[in-house]
Amino acid sequence: MTEQETPEAVAGWLSLVAADAELSPYLIGVDRDRLKEQVANTLAFGTALPYLGWSEAEHRRAESYLRRRSFWEEVEDCCPGLLPERDTPLIEAALCRLTERPDRPEKLALLSVLGRAYRRFGLRPEHQAVIDDALRTTVPWQEVERAATRAGDGPAWWPMEVLDHDLACDGVAVITVRPWRRLPYRPGQAVSVCTPRRPGRWRWLCPANAPRPDGTVELHVRAVRGGAVSTSLVHQVRPGELLHLGPPADTGLSLHDGDLLLVAGGTGLAPLRAIVEQVAAAPDGRQVTLIAGSRDVAGLYDAITLDKLQQAHDWLTVVPAFSHDPLAEPGERGDALTVALDHLCDEQQVYVCGPPAMLAGSRLRLLAAGVPGERIHLPDRIP
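Given the structure is predicted, the values throughout are model-derived calculations rather than measurements. Within every chain, residues take consecutive numbers counted from 1 along the sequence as written. Two thresholds apply to this predicted model, a pLDDT of at least 70 for residue-level local features and 80 or more for giving and counting side-chain atom pairs, whereas whole-chain, interface and lining totals are computed over all residues. Calculation of side-chain values draws on the structure's entire complement of heavy atoms; hydrogens and water are dropped beforehand.

### Here's the deal with the overall build of the protein chain
Alright, step 1. Secondary structure elements follow DSSP: runs of H or I no shorter than four residues count as helices, runs of E no shorter than two count as strands, and numbering proceeds from the N terminus. A tally of helices and strands in the protein chain yields 14 helices and 11 strands.
Alright, step 2. Along the three orthogonal principal directions, the C-alpha set of the protein chain runs to about 70 × 45 × 35 Å.
Alright, step 3. Per-residue burial over the protein chain gives 53% buried out of 383 residues.
Alright, step 4. By sequence separation, contacts in the protein chain at least 24 residues apart represent 70% of the contacts at least 6 residues apart. For each residue, the accessible area found with a 1.4 Å probe, counting protein chains only, is set against the maximum for its type, and the residue is called buried under 20%, exposed over 50%, and partly exposed in between. Here a residue-residue contact requires only that any non-hydrogen atoms of the pair lie within 4.5 Å.

And the structure:
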């Protein structure tokens, strides 16, 4: 192997290990630069592969990743020009993730990306056996094909540079990214997000802003227990790094006519703030009330931006709701939906977005309060 080929081989090995559900945990806390140097020595001088604490069987599998030809090389031999080399690591990792556990939580996000890639790169049934052979596994292609029929035309993902990373409060980050080409989304939609730190793993997030002239997108992320992508985005990703955003998807939170009552819990604020910005871009006389819920004052992570929006627009009223703060004002004390019901008026369109526990009984409570079902809007994907 030449000196020029070694870094690519090391990066390919690291990508495969990171995409392996059993091997990837061993990379947590490892000095990546030192590990790459050790693997490069293994390739150049035949030294032993670094031992990261994995079992003998896991070590053999890690070695097999080092010795095998790349996924792209094997596909290219059989179908020249089918897949662009620079895109195959992301496709390979996503296919492997889908195959490992087809019922995984991020399955919809994976399928949205893979379905668009299937159409984008002109894959056909005769290509599936070639890809399965290169992966040494069997992909649930029927599901990918169904996702492809639902996918629109255009890129499977948009590379994005991280411009700013702000740890807004404990466990929540506000990340501003700039796409290499404009992301065509509408306020209230969700996009799947992937970081190269967790290859092949995707998580749904809603942009927190309406489309801007400079194309930048703001993402609000809470680190959740067991969430590899969210934890990396909050605690590891830094400005200058690259993220990938998948094609936008509707969530059931698009803007409707009439006055609005927006009820947000935690980072469920993101799509609702984007809707506020959409109204601000073309004011039409409607009144908007935004209830921003958190446990306490420290958890209201976007307070400065919300205050600026309220100061700039007389049609907007922002009300905080604190579920666990005994010092909160009486009108701000309680969970977000309880506080919101005090601001409920006739003919409002009511939007609720937040964690699953908040959404679970929201529709029934709103129906009991007299809100017609057609004016209740909940996300059908949890951001």
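### Focus: the packing of helix 5 (residues 88–100) against helix 6 (residues 107–120)
A pair of packed helices is captured by two measures, namely the crossing angle of their axes and the spacing between those axes.
Alright, step 1. To obtain each axis, a line is fitted to C-alpha atoms, and for helices this fit is confined to the stretch in contact; angles are then taken between N-to-C directions over 0 to 180 degrees. For the pair helix 5 and helix 6, interaxial distance at closest approach is 10 Å and the crossing angle is 140°. Comparing their axes, helix 6 and helix 5 come out oblique. You can see that helix 5 and helix 6 cross each other, and the crossing is left-handed. Contacts from Ile-91, Ala-94, Leu-95, Arg-97 and Leu-98 in helix 5 reach Lys-107, Leu-110, Leu-111 and Leu-114 in helix 6. Should an angle lie under 35 degrees it is considered roughly parallel, over 145 roughly antiparallel, and from 65 to 115 roughly perpendicular; all remaining angles are considered oblique. Left-handed is the label given to a crossing in which the near helix is rotated counterclockwise from the far helix by less than a right angle, and right-handed is the label when the rotation is clockwise.

### Some points on the environment of Asp-166
Alright, step 1. Its place among the elements puts Asp-166 in strand 1 (residues 158–169).
Alright, step 2. For the pair Asp-166 and Val-234, spaced 68 residues apart in sequence, the C-alpha separation works out to 8.7 Å.
Alright, step 3. The contact partners of Asp-166, leaving out residues within four places of it in the chain, are Val-172, Ala-173 and Val-174.

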